[in-house]
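# An overview of the molecular structure
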Amino acid sequence: MRFILLVLLILIPFNISVAGVSPSGKKYFDMTVTEWLELPESEQVVSTQALLSVNQKDLTRQQELAVVSCMKAIGRSPIWESSTVGTLMTKCSFDMGVTKSPSEKEWDALVECVKKEVPDFTKQEFFSLGLSAAGAALAKDAGSDPILTPRNQKVLGVINRCGKK
């Protein structure tokens, strides 16, 4: 359960701050990915710049274009077509290292703690495990305890112990 809360903490700061976005920015945030992909490239870049600048003022052109490229590549997947631009942009901004969570230092410390018992554990696995746990918890047929692999069970146990320190 603690892990699901960590994943939600990633998305909450971004979504709260979007409340202060202009109406045109909000239009892009709520737009479906399919609609966004049909926009001219210049408008895709401008919309992404506007949304990213809500949380971060010191973005480079390279960072902005990295997020746009990620959104174009991932957005073509059938899974993302009906999703919103805001959701996809949030994912890509974290994936491309453009957006950092306020909890970044705590997560780094937690990953280092887990590595003491699971040396090949990575931050990417940490986030993947969190998203998988959140998805399983939201699945209608998951029950109260989603099926976990032996490695995931071990890692979650270590995370729980590290979180209590």
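Whatever comes next refers back to the structure up there.
Throughout what follows, the structure given in this document is the object of discussion. (Residues numbered from 1 in each chain as written. Predicted model: local features only at pLDDT ≥ 70, side-chain atom pairs only at ≥ 80, totals over all residues. Heavy atoms only, no water.)

### Let's talk about the nonpolar core
- Counting residues in hydrophobic clusters, the biggest one holds 20 residues, and the most contacted among them are Trp36, Val67 and Met71.
- Counting residues per element, the ones that place at least two in this core are α2 (23–30), α3 (33–38), α4 (41–52), α5 (61–75) and α6 (85–95).
- Those residues in contact with Trp36, other than ones at most four positions away along the chain, are Met31, Gln44, Ser47, Thr48, Val68, Met71, Lys72 and Val85.
- Formed by 13 residues, the second largest nonpolar core is a distinct cluster that contains Cys113, Leu129, Val158 and Ile159. (Core = buried A, V, L, I, M, F, W, Y, C linked by side-chain atoms within 4.5 Å. Buried < 20%, exposed > 50% of the residue type's maximum accessible area, 1.4 Å probe, protein only. Helix = DSSP H or I, 4+ residues; strand = E, 2+ residues; numbered from the N terminus. Contact = heavy atoms within 4.5 Å.)

### Here we look at the state of the cysteines
- Inspection of the entire model under this criterion finds two disulfides.
- Across a sulfur-sulfur distance of 1.9 Å, Cys113 and Cys162 are joined as a disulfide pair. With the S-S bond torsion at -85°, the cross-link from Cys113 to Cys162 turns out left-handed. Taken together, the residues span a long stretch of sequence, with Cys113 in helix α7 (residues 104–115) and Cys162 in helix α9 (residues 150–164) at a distance of 49 residues. Of the two residues, Cys113 and Cys162, both sit in the buried class. (Disulfide = S-S within 2.5 Å.)

### What to know about α7
- Taking 1.5 Å of rise per residue, the twelve residues of α7 would be expected to cover 16 Å, and the 16 Å separating its terminal C-alpha atoms lies within 8% of that figure.
- Every buried residue of α7 is listed here: Glu104, Trp107, Leu110, Val111, Cys113 and Val114. (Expected span 1.5 Å × (residues − 1).)

### Examining the environment of Val85
- Along the chain, Val85 falls in helix α6.
- Setting aside residues up to four positions removed in sequence, Val85 forms contacts with Tyr28, Phe29, Met31, Thr32, Val33, Trp36, Leu51 and Met71.

### Concerning the side chain of Ser93
- Its place among the elements puts Ser93 in helix α6.
- Not counting residues within four places of it along the chain, the set of residues in contact with Ser93 comprises Leu52, Val67, Val98 and Thr99.

### Describing the environment of Ser47
- Summarising the element assignment, Ser47 is placed in helix α4.
- Accessibility expressed as a relative area gives 1% for Ser47, which makes it buried.
- For the pair formed by Ser47 and Lys27, sequence separation is 20 residues and the distance between their alpha carbons is 9.4 Å.
- Side-chain polar atoms of Ser47 contact the side chain of Trp36, separated by 2.9 Å. (Polar contact = N/O pair within 3.5 Å; in protein donor to acceptor, adjacent residues only side chain to side chain.)

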